[in-house]
Amino acid sequence: MLRFKILASVVPLLAAAVFARGEIGSVSHPCIALGESSVELTSLFWTAGVHVAFTDDPAQATVRVQVTDNADAADFAVVDDGLGSESESCQGNPSTRLVSIAAQPVDGGQVIYLSTEGPADYRIYVRSKTFSQREAAALIVGARGGHGHLQAASL
């Protein structure tokens, strides 16, 4: 009977931990390091300080992101399939900016139009097994809130 009581008290704690953390174990989310801080995608909507959404209508967009096939023409390039990937460069810290991708636009959040044609506020080049084009666009827009261009970022 004592074992059942212990089990009954542990199950709610585990459920609370899963709810608060979002998952059990370490799950890697796309992230970029910006100097001393970092920007990371999160699936936990309520923990994100920045919310972005995507649209297929360029008239509804607040930010336009162009996907380019030329890394030299890009403002932001993600190439992480090589041996030199910097997986520990994006350790979570208090200055990490969390970005979530919302299904619908959030008040004050950026709405991204992702296309292969210009004009564009940002141009991205993505060749990655871990980052999608949408995730890279969300990170670049989340890093600056849709204003200005990034000086330097790393994976």
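Look up a bit, the structure's there.
Only a predicted model underlies this, so the values are computations on that prediction, with no experimental measurement involved. (Residues numbered from 1 in each chain as written. Predicted model: local features only at pLDDT ≥ 70, side-chain atom pairs only at ≥ 80, totals over all residues. Heavy atoms only, no water.)

**Q** Sorry, what's going on with the pairing of strand S2 (residues 37–41) here?
**A** In summary, the side chains of a regular strand alternate between the two faces of the sheet. Within S2, four of the five residues are buried, leaving the element largely enclosed by the surrounding structure. Looking at chain direction, strand S1 (residues 31–34) and S2 are connected through four bridges and run antiparallel. Residue pairing across strands places cysteine 31 opposite glutamate 40, the latter belonging to S2. The turn linking S1 back onto S2 is made up of two residues, and glycine 35 within it adopts a positive phi angle of 65°. Sheet analysis places S2 next to strand S6 (residues 96–101), joined by four bridges and oriented parallel. Within S6, the residue paired with leucine 41 across the bridge is valine 99. (Buried < 20%, exposed > 50% of the residue type's maximum accessible area, 1.4 Å probe, protein only. Helix = DSSP H or I, 4+ residues; strand = E, 2+ residues; numbered from the N terminus. Pairing = 2+ DSSP bridges.)

**Q** What is the right way to read the sheet that holds strand S4 (residues 63–67) from this model?
**A** As a general point, the strands of a sheet are linked pairwise by backbone hydrogen bonds and lie either parallel or antiparallel. Taken together, the eight strands give an open sheet; going across it, the order is S1-S2-S6-S3-S7-S4-S8-S5, and neighbouring strands pair in mixed fashion. The open sheet has two free edges, formed respectively by S1 and strand S5 (76–79), since each of these has just one partner strand. Neighbouring strand axes in the sheet, compared pairwise and without regard to direction, differ in orientation by 25° on average. Against the sheet, helix H2 (residues 133–144) contacts S1, S2, strand S3 (50–55), S4, S5, S6, strand S7 (110–115) and strand S8 (122–127), and its axis sits at roughly 140° relative to S8. (Axes fitted to C-alpha atoms, helices over the stretch in contact; angles between N-to-C directions. Contact = heavy atoms within 4.5 Å.)

**Q** What am I meant to see in the packing of aromatic side chains here?
**A** Two aromatic rings, taken as a pair, are described by how far apart their centres are and by the angle between their planes. In this structure the tally under the stated criterion is zero aromatic pairs. Lying across the ring of phenylalanine 54, arginine 134 places its NZ or CZ 4.1 Å from the centre. (Phe/Tyr/Trp six-rings, centres within 6.5 Å; stacked < 30°, edge-to-face > 60°. Lys NZ or Arg CZ within 6 Å of the ring centre and 35° of its normal.)

**Q** It is not clear to me how the pattern of salt bridges should be interpreted in this structure. Could you clarify?
**A** When the charged atoms of two side chains lie near each other, side chains of opposite charge can form a pair. Taken as a whole, this structure holds two salt bridges when the rule is applied. Here aspartate 69 ties to arginine 127 by a salt bridge, and the two come within 3.3 Å at their closest N and O atoms. Taken together, the positions of aspartate 69 in the loop between S4 and S5 and arginine 127 in strand S8 put the pair 58 residues apart, joining distant regions of the chain. Owing to a relative accessible area of 34%, arginine 127 belongs among the partly exposed residues under this scheme. Residue aspartate 75 pairs with arginine 123 through a salt bridge whose shortest N-O separation is 3.5 Å. (Salt bridge = Lys/Arg side-chain N within 4 Å of Asp/Glu carboxyl O.)

**Q** Where do I start with unusual backbone geometry in this structure?
**A** In terms of backbone geometry, most residues other than glycine have negative phi values and most peptide bonds are trans. Cis geometry marks the peptide bond from glycine 118 to proline 119; its omega dihedral reads 0°. Here proline 119 is to be found in the loop between S7 and S8.

**Q** Just to check I follow, could you spell out the side chain of threonine 96 for this structure?
**A** Inspection of the secondary structure assignment puts threonine 96 in strand S6. Given the relative accessible area of 17%, threonine 96 is considered buried. Engagement of the side chain of threonine 96 in a polar contact is seen with the side chain of serine 38, the distance being 3.0 Å. (Polar contact = N/O pair within 3.5 Å; in protein donor to acceptor, adjacent residues only side chain to side chain.)

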